[in-house]
Amino acid sequence: KRKENAYNLFQRAIKISPNRCEAYNNLGNIHLENMNYPLAEKCFDASITRNGLYLPALNNLVALYLKIGNKKQALLTSERVITSNPTNPITQNQYAKALIANNQLKKGITVLESLCKNHPIPDFLLNLSIAYRELGETEKANDIIKNEFKKNYTLENFFHAFAKIKGEKLNPKQEKYYVDII
């Protein structure tokens with residue numbers, strides 16, 4: 001119901017001000033969540049057409065390309081975005097993911113290491129851990145997950161990563177949390 005209300009509000013916003021980029025981007029996010037990828041792409045493109053420098057739409061377009069497996073387009077788009085916005089953390093993260101998806105693991109890891117040093121955000125750290133694992137550096141990957149899981153055990157992605165580490169067990173507080181939500 002909330003998505004439907006948001007969808008209707010964004011549609012109304014477009015009718016009122018059709019040259020603004022934000023509503024198109026937000027519609028794209030709704031379509032992305034609903035796995036309607038062609039419409040999501042059209043909305044992100046419409047947003048970018050209205051403002052070619054609108055970072056949220058550009059980053060969302062890269063995320064969409066990665067999600068649908070269009071790795072080459074994700075890399076091309078992310079290279080264009082990182083050139084004009086080299087310090088934006090989300091842009092750096094998307095660029096690193098596109099590099100990794102295109103088998104440029106070491107370059108992607110270098111970007112993620114720098115990003116995580118300056119912005120130790122759970123999603124970025126998780127991406128770095130995944131990249132290390134893909135490169136075969138399991139110990140580095142596991143160290144990140146073990147360290148971050150202590151602070152972020154309620155984040156589902158960290159739980160999945162933690163559960164893959166042999167011999168690791170939940171502490172009583174973590175165990176209670178997961179028992180309570182089941």
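Look up: the structure comes first, before these words.
Residues numbered from 1 in each chain as written. Predicted model: local features only at pLDDT ≥ 70, side-chain atom pairs only at ≥ 80, totals over all residues. Heavy atoms only, no water.

### Comments concerning the side chain of T91
So, point 1. Mapping T91 onto the fold places it in helix 6 (residues 89-101).
So, point 2. Not counting residues within four places of it along the chain, the set of residues in contact with T91 comprises L55, N59, V81, I82 and N85. (Helix = DSSP H or I, 4+ residues; strand = E, 2+ residues; numbered from the N terminus. Contact = heavy atoms within 4.5 Å.)

### Some words on the pattern of salt bridges
So, point 1. Tallied over the entire structure, the rule returns 6 salt bridges.
So, point 2. Between E33 and K3 there is a salt bridge whose closest N-O contact spans 3.1 Å. Of this pair, E33 sits in helix 2 (residues 22-33) while K3 sits in helix 1 (residues 2-16); the two residues are 30 residues apart in sequence, bridging distant segments of the chain.
So, point 3. You can call E33 exposed: its relative accessible area is 54%.
So, point 4. Among the salt bridges present, the one from E137 reaches K140, with a minimum N-O distance of 3.1 Å. (Salt bridge = Lys/Arg side-chain N within 4 Å of Asp/Glu carboxyl O. Buried < 20%, exposed > 50% of the residue type's maximum accessible area, 1.4 Å probe, protein only.)

### A few points about unusual backbone geometry
So, point 1. Its identity as a non-glycine residue notwithstanding, M35 has a phi of 60°, on the positive side.
So, point 2. Looking at where M35 falls in the secondary structure, it is placed in the loop between helix 2 and helix 3 (37-50).
So, point 3. Classification of M35 by relative accessible area gives exposed; the value is 59%.
So, point 4. A positive phi is found at N103, a non-glycine position, where the angle reads about 60°.

### Points about the nonpolar core
So, point 1. Core analysis: the biggest nonpolar cluster contains 35 residues, and F44, L61, L64, Y95, L112, L128 and Y132 have the highest contact counts within it.
So, point 2. Of all the secondary-structure elements, those providing two or more residues to this core are helix 3, helix 4 (55-67), helix 5 (71-84), helix 6, helix 7 (105-118), helix 8 (122-135) and helix 9 (138-152).
So, point 3. Broken down by element, the residue count for this core peaks at 7 residues, all from helix 4.
So, point 4. Excluding anything up to four places from it in sequence, L112 contacts N93, A96, I100, F124, N127, L128 and A131.
So, point 5. Core analysis: the next-biggest nonpolar cluster, separate from the first, contains 9 residues, I145, Y153, A161 and Y178 among them. (Core = buried A, V, L, I, M, F, W, Y, C linked by side-chain atoms within 4.5 Å.)

### Let's talk about the packing of helix 4 against helix 5
So, point 1. Packing of helix 4 against helix 5 brings their axes to within 7 Å, and their N-to-C directions diverge by 160°. Overall, the two elements helix 4 and helix 5 adopt an arrangement that is roughly antiparallel. In this structure, helix 4 crosses over helix 5, and the sense of that crossing is left-handed. Along the contact surface, helix 4 presents L55, L58, N59, L61, V62, Y65 and L66, while helix 5 presents K71, Q73, A74, T77, S78, R80 and V81.
So, point 2. Taken together, the residues of the contact of helix 4 with helix 5 break down into 8 nonpolar, 4 polar and 2 charged. (Axes fitted to C-alpha atoms, helices over the stretch in contact; angles between N-to-C directions. Parallel < 35°, antiparallel > 145°, perpendicular 65-115°, else oblique. Left-handed = near helix turned anticlockwise from the far one by under 90°. Nonpolar A, V, L, I, M, F, W, Y, C, P; charged D, E, K, R; others polar.)

### What about the packing of aromatic side chains?
So, point 1. Following the criterion strictly, the structure yields 5 aromatic pairs and no others.
So, point 2. Seen in terms of ring centroids, F149 and Y153 are 6.4 Å apart; in terms of plane orientation they differ by 65°. Their pairing is edge-to-face.
So, point 3. Residue F149 is classed as buried on the basis of its relative accessible area of 1%.
So, point 4. For Y153, a relative accessible area of 13% translates into the label buried.
So, point 5. Their ring planes at 80° and their centres at 5.7 Å tell us that Y153 and Y177 sit as a pair that is edge-to-face. Here the residue Y153 occupies a position in the loop between helix 9 and helix 10 (156-163), and Y177 occupies one in helix 11 (residues 172-181), the gap between them amounting to 24 residues. (Phe/Tyr/Trp six-rings, centres within 6.5 Å; stacked < 30°, edge-to-face > 60°.)

Worth remembering: the numbers are spatial, not functional.
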